[in-house]
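Okay, here's what each chain looks like letter by letter:
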Amino acid sequence: MRPPASFHPPAGDVSRHPCRLLIVEDEKRLALSLAKGLMAEGYAVDVVHDGAEGLHRATEGTYDLIVLDIMLPGLNGYRVCSALRAAGDDVPILMLTAKDGEYDEAEGLDTGADDYLTKPFSYVVLVARVKALLRRRAAAPSPVHRVGDLRIDTAARRVFREAAGQGASEIQLTAKEFAVLEQLVVRAGQVVSKAEILDHVWDFAYEGDPNIVEVYVSTLRRKLGAPLITTVRGAGYRLEAPR
């Protein structure tokens with residue numbers, strides 16, 4: 001199989017857009033035209049022409065954005081997008097299709113696409129959409145937080161303890177335990193009240209014992225080890241790395 005076409009920006013343009021894009025489009029003339037245009041904008045671009053190869057390239061490479069056609073040989077764009085999202089890949093995906101209808105747009109967005117463009121489209125509009133998605137990605141906070149020797153991934157909802165020379169070991173948390181921890185992680189160093197945790201984790205209609213928060217905090221302290229969660233008397237809880 002021939003390797004996918006690759007395009008790289010002139011050296012002088014790299015600082016303007018240090019981003020790598022993948023185009024998965026079976027209309028070869030359109031794909032190459034888009035790649036050349038995006039190259040002129042300063043992006044590095046790889047091109048493949050079928051869904052299976054597109055999925056392989058997306059999972060093997062590191063891309064800042066994928067332009068993904070829906071009607072592809074092998075795997076269609078819906079399946080490629082679904083597979084990437086199921087694997088936890090949050091790369092922005094701009095879907096392209098020759099179809100025009102609410103059903104197609106809804107299905108594309110339901111599978112995890114970030115934006116949708118119907119052919120024929122203006123190249124200027126495509127570039128604007130690409131830039132908007134990249135700006136949104138750059139502005140989004142990282143889903144990975146580090147507190148002491150813990151790595152907390154709020155997107156994958158997993159917690160790992162990293163020990164020097166021993167790699168990372170996962171700490172198993174229930175969904176509710178992670179939800180309580182997440183409220184503290186995203187506001188690390190700040191005091192989070194018991195009422196705020198109740199509202200976000202159990203919702204406003206919860207009528208059980210509010211001390212349930214204390215039970216979960218106690219469990220988290222036991223599972224996480226070091227005293228990361230401190231009680232601020234009369235105010236709530238604060239997550240901070242041990243000194």
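Residues numbered from 1 in each chain as written. Predicted model: local features only at pLDDT ≥ 70, side-chain atom pairs only at ≥ 80, totals over all residues. Heavy atoms only, no water.

A. Here's a closer look at the nonpolar core. Among the nonpolar cores identified, the biggest contains 25 residues, and I152, V159, L181, I197 and L224 are the most heavily contacted of them. Within the residue set of this core, elements represented by two or more residues are β8 (150-153), α6 (175-185), α7 (194-202), α8 (212-224) and β13 (236-239). Sort the elements by how many residues they give to this core and α6 lands first, with six residues. Setting aside residues no more than four positions away along its own chain, L181 makes contact with I152, V159, L173, L220 and L224. Formed by 21 residues, the second largest nonpolar core is a distinct cluster that contains A35, Y43, L65 and V127. (Core = buried A, V, L, I, M, F, W, Y, C linked by side-chain atoms within 4.5 Å. Buried < 20%, exposed > 50% of the residue type's maximum accessible area, 1.4 Å probe, protein only. Helix = DSSP H or I, 4+ residues; strand = E, 2+ residues; numbered from the N terminus. Contact = heavy atoms within 4.5 Å.)

B. Seen up close, the packing of α6 against α7. Close contact between α6 and α7 brings their axes to 10 Å; oriented N to C, the two are set at 130 degrees. Overall, the two elements α6 and α7 adopt an arrangement that is oblique. Relative to α7, α6 is oriented so that their crossing is right-handed. Mapping the contact onto sequence places K176, A179, V180, Q183 and L184 in α6 and I197, H200, V201 and W202 in α7. In terms of residue class, the contact of α6 with α7 is built from six nonpolar, two polar and one charged. (Axes fitted to C-alpha atoms, helices over the stretch in contact; angles between N-to-C directions. Parallel < 35°, antiparallel > 145°, perpendicular 65-115°, else oblique. Left-handed = near helix turned anticlockwise from the far one by under 90°. Nonpolar A, V, L, I, M, F, W, Y, C, P; charged D, E, K, R; others polar.)

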